[in-house]
Amino acid sequence: MGKAKKRSLHLGINDRVTNLSREDAVGEVVTLLNKCRDRNQACSLITLFGLSAEELLEAGASYETVMSLQGIIRE
């Protein structure tokens, strides 16, 4: 095992998300998008769960934000 992998395991970086339901993922994505924090993490959750535009809009994301993600969300 390399130094970087040992260091990241020691810091617990890989233990951030252990069990995440679909509903929790939608809420987390909306929070990340509304606060303009870490858009890459929001995009990775969208593609991981295959979230749709309708789910994000119902959870409280703005229409403009959802339309800006048109390339990665399901219709």
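What counts, and at which threshold
- Residues numbered from 1 in each chain as written.
- Predicted model: local features only at pLDDT ≥ 70, side-chain atom pairs only at ≥ 80, totals over all residues.
- Heavy atoms only, no water.
- Core = buried A, V, L, I, M, F, W, Y, C linked by side-chain atoms within 4.5 Å.
- Buried < 20%, exposed > 50% of the residue type's maximum accessible area, 1.4 Å probe, protein only.
- Helix = DSSP H or I, 4+ residues; strand = E, 2+ residues; numbered from the N terminus.
- Contact = heavy atoms within 4.5 Å.
- Patch = residues over 30% accessible without salt bridge, like charges linked within 9 Å, V, L, I, M, F, W, Y side chains within 5 Å.
- Areas by Shrake-Rupley, 256 points an atom, 1.4 Å probe, with all protein chains shown as cover.
- Salt bridge = Lys/Arg side-chain N within 4 Å of Asp/Glu carboxyl O.
- Arc of directions from axis to C-beta.

**Notes on the nonpolar core**
(1) Moving on: The biggest cluster of nonpolar side chains holds 15 residues, and the ones touching the most others in it are Val29, Ile46, Leu51, Leu56, Val66 and Ile73.
(2) Moving on: Only helix 2 (22-34), helix 3 (39-49) and helix 4 (53-59) provide two or more residues apiece to this core.
(3) Moving on: In terms of residues, this core owes the most to one element, helix 2, which gives five residues.

**Digging into the environment of glycine 60**
(1) Moving on: When you line up the elements, glycine 60 lands in the loop between helix 4 and helix 5 (63-68).
(2) Moving on: The class of glycine 60 is partly exposed, set by a relative accessible area of 44%.
(3) Moving on: Considered as a pair, glycine 60 and asparagine 34 are 26 residues apart in the sequence and their alpha carbons are 8.9 Å apart.
(4) Moving on: Residues in contact with glycine 60, not counting those within four places in the same chain, are Val30 and Asn34.

**Focus: a nonpolar patch on the surface**
(1) Moving on: Where nonpolar side chains cluster on the molecular surface, the patch consists of Leu57, Tyr63 and Met67 and spans about 270 Å² of accessible area.
(2) Moving on: In this fold, leucine 57 is placed in helix 4.

**Describing helix 3**
(1) Moving on: Those residues of helix 3 lying buried are Ala42, Leu45 and Ile46. For helix 3, the buried positions fall inside an angular range of 100 degrees around the axis, keeping them on one side. Seen from the buried face of helix 3, the exposed residues on the opposite side, beyond 90 degrees, are Asn40 and Leu48.
(2) Moving on: Looking at the buried side of helix 3, the elements it contacts are helix 2 and helix 4.
(3) Moving on: Where helix 3 ends, the next residue or the one after it, glycine 50, has phi of about 65 degrees, a positive value.

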